[in-house]
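If you want the building blocks of each chain, they are given just below.
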Amino acid sequence: MIKDLRDYIQLLKEQNKIDIVDEAVELSDISLRMREQEKRGKTILFRNIPGFEGTSMINNLFADRSFLAAIFGCAKESVQELLEERYSKRIPPVMVEEGPVQEKVFLGEEIDIFGFPFIKHAPKDGGRYNSAGIVIAKDPRTGIRNCSINRMQLKGRNVTGFRMSPRQDLESYYNAAKELGQKLELAVAIGNHPLDLLAAASGPPRDVDELELAGAFRGEAVELVKCKTVDLEVPARAELVLEGYLDPQEPWEPEGPFGDFMEFYVPVMDNPLFHITAITCREHPILQAIHAGSRDDVTLLGTPREVEIARMLKSMNVDVRKISLQIVNNYLTGAVAIRKQLEDEPRNVMMGAFAAFKFLKNFVVVDEDVDVDNPKEILWAMSTRLRAEKGILVIPNAVGFGRDAYGIHTAKLGIDATAPLGHWDEFERTGGQNG
Ligand SMILES: Cc1cc2nc3c(=O)[nH]c(=O)nc-3n(C[C@H](O)[C@H](O)[C@H](O)COP(=O)(O)O)c2cc1C
Ligand SMILES: [Mn+2]
């Protein structure tokens, strides 16, 4: 098993899945180059960014599921099942004395986040952003650790805006710290083992430490080192760490706009500030950026949520064949292929999926002969098997994606596009043109 981002880069080289750029690319041109690269479906590493000598920038770590398959050495069709198997086998991290992530330490006046090649992601963004950090925090009530990915807008040498969506675990930590009159310490690891990112993007129950989940995905314990200025631990083999805190007593300040995963610009809104108390890094760190709404983004967030939905449905004895939250690049619409056992089962399947992933908005249930990754196949199933008078479920007023002034995400739509039970012969496919 690979141990860090550098091992992953080596693996991608061996499999011809990465382009390494040694010619000079200006910081302001990187986002555009990344978008071109996303169309090619390969990772890209920029090693020569004028003004940021010695630091690299990587993008498109997960161009599709085959990149995860490369890590596990399995077929891409097997990734979902493999992660499902590993999900419950959590492995606690272990402490080590030292790690490459602390080869260099910047404190006090030496801290300058602008000195690192964080990019502007979309033309109308309010500034440069960190988009790919694993944010580590401890619950002020229980000490349980949480990992998430949160965008951070560079604002000053040692301060960033910090987007903490409502209804996520970190917000509950922040509110608890506020009640206790405490600051909330954070450590933000950048340039991570790809499976640590996958764990941070997962949504296990709140009492689960996502670093134990990272251990489960890796099949071995994550090594951690103690931070220099906060009471937290970070992956020893990450590339760079921002240590600091949110102060819940402090007023929020405007952050944004930012081109978000739905391909809209999130308008300027008030958000907390992240104060940086130390930057530690490797001698020549590799930063990472993720374009919101890219294949990279949907593979990273969609994959663990598919696994969580599969676990839920299997606990209901549904014969699940495959789940996809990667039909479009925003994981709000998904589909599952099942072997139906009861005529009305698809309704329970929809409810199970909506319960397992609260952002899920539209969910289509199809038979096992439909490819759930292919939007044409899903529309084919709706054209040929949906009985709208009984196959549509609308659940109003449920919790959905939080940023929603117009009520677009507060209702769930379930669609049963399965053939009538017991009439399989009449619905057998000819092997036509849709796939
Ligand atoms: C690239 C990327 C960027 C993200 N940006 C944010 C963000 O700015 N704010 C946020 O609250 N969640 C963001 N998320 C989603 C959370 O990281 C994700 O839902 C995570 O599982 C939340 O952690 P929790 O389950 O421990 O609450 C982002 C996810 C990805 C993959
Ligand atoms: Mn969590």
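Help me understand the sheet that holds strand β25 (residues 412–416) in this model?
The strands that make up a sheet are held in pairs by hydrogen bonds between backbone atoms, and each pair lies either parallel or antiparallel. On the basis of which strands lie adjacent, the open sheet formed by 5 strands has the order β21-β22-β23-β25-β24 and mixed pairing. Edge strands, defined here as strands with exactly one partner in the open sheet, are β21 (320–324) and β24 (392–395). Neighbour-to-neighbour, the strand axes of this sheet turn through a mean angle of 15 degrees, independent of strand direction. Where β24 lies against β25, 4 bridges are found, and the strand directions are antiparallel. Its bridge partner being in β25, Val394 is matched across the sheet by Leu413. Seen against the sheet, helix α9 (residues 345–356) touches β22 (333–338), β23 (362–367), β24 and β25 and runs at an angle of roughly 140 degrees to β23.

Please clarify how helix α4 (residues 79–87) should be interpreted in this entry.
In an α-helix, one full turn covers 3.6 residues, which means residues spaced three or four apart are oriented alike. Within the span of α4, buried status applies to Val79, Gln80, Leu82, Leu83, Glu84 and Tyr87. Buried-residue contacts for α4 involve α3 (65–72), α6 (194–200), α7 (210–218), α8 (295–315) and β21.

Sorry, what's going on with the coordination of the manganese ion (ligand 2) here?
When four donors bind a metal tetrahedrally, each ideal donor-metal-donor angle is 109.5 degrees, and when six bind octahedrally, the ideal angles are 90 or 180 degrees. Only Asn146 (OD1), Asp169 (OD) and Glu210 (OE) from the protein reach the manganese ion (ligand 2) as donors, at distances of 2.1 to 2.2 Å. Read in sequence order, the donor residues coordinating the manganese ion (ligand 2) give the pattern N-x22-D-x40-E. Taken as a pair, Asn146 in strand β8 (residues 145–149) and Glu210 in helix α7 lie far apart in primary sequence, 64 residues in all. Asn146 gets classed as buried once you look at its relative accessible area, which sits at 2%.

Could you clarify how one ought to interpret the packing of aromatic side chains in this entry?
Ring pairs (aromatic) are described by centroid distance and by the angle formed between their planes. One pass over the structure, following the stated rule, counts 10 aromatic pairs. Relative to Trp252, the ring of Tyr174 has its centre 6.0 Å away and its plane inclined at 65 degrees; by these criteria the two rings are edge-to-face. Highlighted residues: Tyr174 in helix α5 (residues 169–180) and Trp252 in the loop between β14 (240–246) and β15 (253–255), separated in sequence by 78 residues. Measuring from centroid to centroid gives 5.0 Å for Phe261 and Tyr331, while their planes differ by 15 degrees, and the two rings are stacked. Within this pair, whereas Phe261 is found in the loop between β16 (258–259) and β17 (265–266), its partner Tyr331 is found in the loop between β21 and β22, the two being separated by 70 residues in sequence. Taking the relative accessible area as the measure of exposure, Phe261 reaches 5% and is therefore buried. Ring pairing ties together the aromatic residues Phe261, Tyr331, Phe357, Phe359 and Phe401, which thus form one cluster. Positioned over the ring face of Trp380 is Arg429, at 3.7 Å from the centre of the ring.

How do you make sense of the pairing of β22 when you look at a structure like this?
Two faces make up the sheet, and in a regular strand the side chains alternate between them. Among the 6 residues that make up β22, 5 are buried, leaving the element largely enclosed by the rest of the structure. Here β21 runs beside β22; their pairing, made up of 4 bridges, is antiparallel. The residue bridging Ser324 from the neighbouring strand is Ala335, located in β22. Pairing of β22 with β23 involves 6 bridges; the strand directions are parallel. The partner of Ile338 across the bridge, within β23, is Asp367. Regarding the hand of the β-α-β motif, the stretch spanning β22, α9 and β23 is right-handed.

Quick notes on the rules
- Residues numbered from 1 in each chain as written.
- Chains lettered and ligands numbered in written order.
- Predicted model: local features only at pLDDT ≥ 70, side-chain atom pairs only at ≥ 80, totals over all residues.
- Heavy atoms only, no water.
- Pairing = 2+ DSSP bridges.
- Helix = DSSP H or I, 4+ residues; strand = E, 2+ residues; numbered from the N terminus.
- Axes fitted to C-alpha atoms, helices over the stretch in contact; angles between N-to-C directions.
- Contact = heavy atoms within 4.5 Å.
- Buried < 20%, exposed > 50% of the residue type's maximum accessible area, 1.4 Å probe, protein only.
- Donors = N, O, S within 2.8 Å, 3.2 Å for Na, K, Ca; no water.
- Phe/Tyr/Trp six-rings, centres within 6.5 Å; stacked < 30°, edge-to-face > 60°.
- Lys NZ or Arg CZ within 6 Å of the ring centre and 35° of its normal.
- Right-handed = clockwise from strand over helix to strand, strands pointing away.

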